[in-house]
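Architecture at a glance
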Amino acid sequence: MPPTEPGSLVAARPRPGALLRVDGSASVQFGGDRALTFRVAAVGPELTYTGWTWLTGYVLDRRGVATARREIFVRFARLRPAEEPVPPRRAVRVVQPRAQSNRVRTSASVGSNGRAAR
C-alpha cells in the first residue's frame, strides 16, 4: 500500500501487513464506538460487490497487541491507514554495583561431636 497521511483514504487495495482504521465509512457495522484498528493478514481473492472485499486480520488494542482474529467485509476505498501504535515504555531496572566490605569471612567445620574444629 502506498504511504498516505493518517487522515486520508487508502489509494489501493490493502496488502497483508497494512494497518488500517476501520470505521463506519468502510462498513456500517463499524460505526461510532465500534471502530477498530485492524492489521491485515490476508485479502480476499476478488471483489464480491464493486468496491467491497473480505479482509482477514487482527484487531489491535491501543498498545498494538492483537486481541482477536476477524474476517471483515468492507469497502476498500473507504479504509483509512492507521498510525503505528506506540508500545508501552518498560521500566528499566538499574543495578547498582555492590559496595565492597572490609569484613573477613571465615568458615568453621563442625565435627560429629558438635564442636567446631580449629
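Report follows, based on the coordinates. (Residues numbered from 1 in each chain as written. Predicted model: local features only at pLDDT ≥ 70, side-chain atom pairs only at ≥ 80, totals over all residues. Heavy atoms only, no water.)

**Here's the deal with the overall build of the protein chain**
- Looking only at helices and strands, the protein chain has 0 helices and 5 strands in total.
- Residues counted as buried form 24% of the 118 residues belonging to the protein chain.
- Within the protein chain, counting contacts between residues at least 6 apart in sequence, those at least 24 apart form 45% of the total.
- Of the roughly 9300 Å² that the protein chain leaves accessible, carbon and sulfur atoms contribute 50%. (Helix = DSSP H or I, 4+ residues; strand = E, 2+ residues; numbered from the N terminus. Buried < 20%, exposed > 50% of the residue type's maximum accessible area, 1.4 Å probe, protein only. Contact = heavy atoms within 4.5 Å. Areas by Shrake-Rupley, 256 points an atom, 1.4 Å probe, with all protein chains shown as cover.)

**Focus: the side chain of Thr56**
- Its place among the elements puts Thr56 in strand 3 (residues 52-60).
- For Thr56, the contacting residues outside a window of four places in its chain are Phe38, Arg39, Val40, Ala41, Ala42, Arg69, Arg70 and Glu71.

**As for the pattern of salt bridges**
- Inspection of the entire model under this criterion finds 2 salt bridges.
- A salt bridge links Asp23 to Arg80; the nearest nitrogen and oxygen atoms lie 3.9 Å apart. Residue Asp23 is found in the loop between strand 1 (19-22) and strand 2 (36-43), and its partner Arg80 is found in strand 5 (residues 80-81); the two are separated by 57 residues along the sequence.
- A salt bridge links Arg39 to Glu84; the shortest N-O distance between them is 3.2 Å. Here the residue Arg39 occupies a position in strand 2, and Glu84 occupies one in the segment after strand 5, the gap between them amounting to 45 residues.
- Look at Glu84 and you get exposed, because its relative accessible area is 52%. (Salt bridge = Lys/Arg side-chain N within 4 Å of Asp/Glu carboxyl O.)

**Regarding the nonpolar core**
- Leu20, Val22, Phe38, Leu55, Ile72, Val74 and Leu79 are the most contacted members of the largest nonpolar core, which totals 14 residues.
- When contributions to this core are tallied by element, the ones reaching two or more residues are strand 1, strand 2, strand 3 and strand 4 (66-75).
- Per element, the largest residue contribution to this core is 3 residues, and it comes from strand 2.
- If we skip the residues at most four places from it in the chain, Phe38 touches Ala18, Leu19, Leu20, Val22, Leu55, Thr56, Gly57, Tyr58, Val59, Arg70 and Ile72. (Core = buried A, V, L, I, M, F, W, Y, C linked by side-chain atoms within 4.5 Å.)

**Observations concerning the pairing of strand 2**
- Summarising the sheet, strand 1 and strand 2 pair through 4 bridges and their orientation is antiparallel. Within strand 2, the residue paired with Leu20 across the bridge is Phe38.
- Pairing analysis gives 6 bridges linking strand 2 to strand 3, with the strands arranged antiparallel. When the bridges of strand 3 are listed, Val40 appears paired with Gly57. (Pairing = 2+ DSSP bridges.)

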